[in-house]
Amino acid sequence: MAKDDTKEGELARTASTGVASVEMLSNGSIKRELKPRHTQMIALGGCVGTGLFVGTGTSLALGGPGLLLIAFILMSFLVHIIVTAVVEVVSYLPVGGASMSYYGTRYVSKSLGFAMGWLYVYSLGILVPYEITAGALVIDYWDSPVNVAVWITLFMVLMVTLNFLPVSYYGESEFWFSSIKVITIIGLLILSFVLFWGGGPNQDGILGFHYWKDPGAINTWLADGDTGRFIAFIRTLILSAFPFTFSPELLIATSGEMRNPQRDLHKAANRFILRLLIFYIGTVLAIGVICPSNIDALVSGSSSDAKSSAFVVGIQHAGIRGLDSVINAAILTTAWSAGNAYLYMSSRALYALAISGQAPKIFLRCTKRGVPYAAVMGCSLFGLLSYLNCASSSSTVFTWFVTITNTSAFISWICCCIVYLRFRAAWKTQGKPELPYHSWTQPYGAWFALAFFTVLMLINGFNVFFPGQLSAESFFTAYIGIPAFVVIYAGHKLVKGRRDPLWIGAREIDITEGLEHVDY
């Protein structure tokens, strides 16, 4: 009884201050049951989903292999900056059950933390039906006679069921499904190397970079000449952000249930660069070699007749029978795995908000094994959006989710930079205490990423302003994320934080409370 009274008193104090204590977070109801091998494999392949396998087809058709490769190299560097920034913040003070919204509340302002928390809830929730939608695209490759609603229901049941199990089951499933992703990508890279040297049944000689010459390495879009190539690059760069969406945040979400976050976060951050180089840059280089950018089967910005990924199209184009279906089946597992990860992250974000008194207390309810079942149930409702496929083509809904969540990812990364820079200012002002993790890219990288992602956020839907491109649907999906975030932030500021400063001063930021609970 005394323990419950203590917890209720802590919740009351949390509701008034907007910041949960580290002791409360550390003693929360979730359990630290993720093993090191779970966290390392999640870091390698956790959020690698159909955006990489299917969504890159759109970018390849739009910009060509040259622009696609440049865009992914630039985006990989920027995402690496975000990873190093958030890991530096979290490894200094790892807490259970917290997301970046917790650090936003603690190091910047209660209003920013509140807005970030709800951004994660609805954006990550939307990514669940996105992965289900992408799965419907992949299944449609076989011209399945089964109604799409059946596949949607099956995907949803599997995802929700796994998230109701203890986190150790989630970690084990992600370990094996991430292993499938890793093996699939490595196998595809090897296959692309073989096709590069002319090893395909339909090849008469060395393929090399033939498709970089015909149809070409750089495409034009919405205009001719250099202007069209520049427009194509900007659009390709924006679309290339989607496969990276919320990957850095997954490290933070899982850190709350890592057995040893101080050690495992460092390893995960150091290995993340391998994921960027091999999985992302290697993948787009490979598809640029084996798949022509002008082939009809690709998903393009002006077409909605796509039925598969660029890898599958390239394999089919090379005349390798049967392998395209095998790869498509492997891609289906990535849709299910990534959907799992997004539902996990969304529910933990909602749980973290409830701990901080910024969401209804009902979402604090957990099972005896530490599963926040109320939060999982609430976030599972986003999956119902995938039934939009029953009224519109899968590829159209696919595009809706891409543009909506792109804006949210840019906003999240902007906020992560702000949180890091405020933490860094406090760290510098208060005597530079020892940091368990630091990257050579910081703090200058955070300033660069902050400016870059701000620009990308503002031009996310720039194409709607070109003649013949504007529609209410395209404008809404491209920019709804910005006013949604502003309304949430401003609403909290007006109701709860009118007397609070826009940001906490560097000397007033508390970077010491809770360190006694951290075992370096």
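Residues numbered from 1 in each chain as written. Predicted model: local features only at pLDDT ≥ 70, side-chain atom pairs only at ≥ 80, totals over all residues. Heavy atoms only, no water.

Our focus in this paragraph is the overall build of the protein chain. Along its length, the protein chain carries 19 helices and 0 strands. Taken over 520 residues, the protein chain has a buried fraction of 61%. The contacts of the protein chain with a sequence gap of at least 6 include a subset with a gap of at least 24, amounting to 82%. Carbon and sulfur atoms form 65% of the exposed surface of the protein chain, whose accessible area is close to 20200 Å². (Helix = DSSP H or I, 4+ residues; strand = E, 2+ residues; numbered from the N terminus. Buried < 20%, exposed > 50% of the residue type's maximum accessible area, 1.4 Å probe, protein only. Contact = heavy atoms within 4.5 Å. Areas by Shrake-Rupley, 256 points an atom, 1.4 Å probe, with all protein chains shown as cover.)

Turning to the nonpolar core, a few remarks are in order. Side chains that are nonpolar tend, in soluble globular proteins, to be buried together. Membership of the largest hydrophobic core comes to 152 residues, with the highest contact counts inside it found for Met-75, Met-100, Tyr-103, Tyr-107, Trp-413 and Phe-453. The element contributing the most residues to this core is helix α4 (residues 50–92), with 23 residues. Once residues lying within four places of it in the same chain are set aside, the contact partners of Tyr-107 are Val-89, Tyr-92, Leu-93, Val-419, Arg-422, Phe-423, Ile-504, Ile-509, Asp-510 and Ile-511. (Core = buried A, V, L, I, M, F, W, Y, C linked by side-chain atoms within 4.5 Å.)

Per-residue pLDDT for the protein chain has a mean of 80; in total, 83% of the residues score no lower than 70. Mean pLDDT across the elements of the protein chain ranges from a minimum in helix α1 (residues 2–17), with 46, to a maximum in helix α17 (residues 444–458), with 94. Confidence drops under pLDDT 50 across residues 1–9; counting only partners more than four residues distant or on other chains, this segment forms 2 contacts. Contacts from residues 11–17, a stretch scored under 50 in pLDDT, to residues over four places away or in other chains number 13 contacts. (pLDDT = per-residue confidence, 0-100.)

Another point: the packing of α4 against helix α14 (residues 323–355). Contact geometry of α4 with α14 gives a least axis separation of 8 Å together with a crossing angle of 115°. Facing α4, whose interface residues are Thr-50, Phe-53 and Val-54, α14 presents Ile-331, Thr-334 and Ala-335. Residue composition of the contact of α4 with α14, grouped by class: 4 nonpolar, 2 polar and no charged. (Axes fitted to C-alpha atoms, helices over the stretch in contact; angles between N-to-C directions. Nonpolar A, V, L, I, M, F, W, Y, C, P; charged D, E, K, R; others polar.)

Looking along the chain, the bond that leaves Asp-214 and enters Pro-215 is cis, with omega of 20°. Looking at the element boundaries, Pro-215 is found in helix α9 (residues 210–216). Of the consecutive residues Gln-442 and Pro-443, the connecting peptide bond is found in the cis state with omega at 5°. You can see Pro-443 is positioned in the loop between α16 (394–429) and α17. One non-glycine residue with positive phi stands out, namely Lys-432, at about 50°. Given a relative accessible area of 48%, Lys-432 falls into the partly exposed group.

Below, the discussion takes up the packing of α4 against α17. Think of two packed helices as two axes; the pair is described by the angle between the axes and how far apart they sit. Where α4 meets α17, the axes come as close as 9 Å, and the angle between the chain directions of the two elements is 125°. Comparing the axis directions of α4 and α17 gives the class oblique. For the crossing formed where α4 meets α17, the hand is left-handed. Of α17, the residues touching α4 (which contributes Leu-74, Met-75, Phe-77, Leu-78, Ile-81 and Ile-82) are Gly-445, Ala-446, Phe-448, Ala-449, Phe-452, Phe-453 and Leu-456. Class assignment of the residues belonging to the contact of α4 with α17 gives a composition of 12 nonpolar, 1 polar and no charged. (Parallel < 35°, antiparallel > 145°, perpendicular 65-115°, else oblique. Left-handed = near helix turned anticlockwise from the far one by under 90°.)

The next thing to look at is a nonpolar patch on the surface. On the surface, a cluster of nonpolar side chains totalling about 320 Å² of accessible area is made up of Ile-273, Leu-274, Leu-277 and Ile-278. Of note, Ile-278 is situated in helix α12 (residues 261–290). (Patch = residues over 30% accessible without salt bridge, like charges linked within 9 Å, V, L, I, M, F, W, Y side chains within 5 Å. Salt bridge = Lys/Arg side-chain N within 4 Å of Asp/Glu carboxyl O.)

On to the packing of aromatic side chains, then. The final tally for this structure, using the stated rule, is 22 aromatic pairs. Between Phe-465 and Phe-475 the ring centres are 6.2 Å apart and the planes differ by 85°, which places this aromatic pair in the edge-to-face class. Residue Phe-465 is located in the loop between α17 and α18 (472–479), and its partner Phe-475 is located in helix α18; the two are separated by 10 residues in the primary sequence. Given a relative accessible area of 37%, Phe-475 falls into the partly exposed group. (Phe/Tyr/Trp six-rings, centres within 6.5 Å; stacked < 30°, edge-to-face > 60°.)

Moving on, we come to the pattern of salt bridges. In the structure shown here, the tally under the stated rule is 5 salt bridges. Two residues, Glu-88 and Arg-424, come together in a salt bridge whose shortest N-O distance is 3.2 Å. Of this pair, Glu-88 sits in helix α4 while Arg-424 sits in helix α16, and the two are 336 residues apart along the sequence. When its relative accessible area of 0% is taken as the criterion, Glu-88 is described as buried.

Turning next to the environment of Leu-137. For Leu-137, the location among the structural elements is in helix α6 (residues 110–139). It is 9.7 Å that separates the C-alpha atoms of Leu-137 and Leu-332, two residues lying 195 residues apart in sequence.

So, about the side chain of Ser-91. Inspection of the secondary structure assignment puts Ser-91 in helix α4. A polar side-chain atom of Ser-91 sits 2.6 Å from the main-chain carbonyl oxygen of Val-87. (Polar contact = N/O pair within 3.5 Å; in protein donor to acceptor, adjacent residues only side chain to side chain.)

Residue placement: Val-121 occurs in helix α6. A relative accessible area of 5% places Val-121 in the buried class. Residues Val-121 and Leu-353 lie 232 residues apart in sequence; the distance between their C-alpha atoms is 9.3 Å. Those residues in contact with Val-121 that sit more than four places away from it in its chain are Ser-346, Ala-349, Leu-350, Leu-353, Cys-379 and Phe-382.

Here we come to the side chain of Glu-249. Looking at the secondary structure, you find Glu-249 in helix α11 (residues 247–255). On the basis of relative accessible area, Glu-249 is assigned to the buried category, the value being 6%. For Glu-249, the contacting residues outside a window of four places in its chain are Tyr-120, Met-345, Ser-412, Trp-413 and Cys-416.

Relative to the assigned elements, Leu-222 resides in the loop between α9 and α10 (225–240). Classification of Leu-222 as partly exposed rests on a relative accessible area of 32%. For the pair Leu-222 and Ala-232, spaced 10 residues apart in the sequence, the C-alpha separation amounts to 7.9 Å. Those residues in contact with Leu-222, other than ones at most four positions away along the chain, are Ile-231, Asn-463, Phe-466 and Gln-469.

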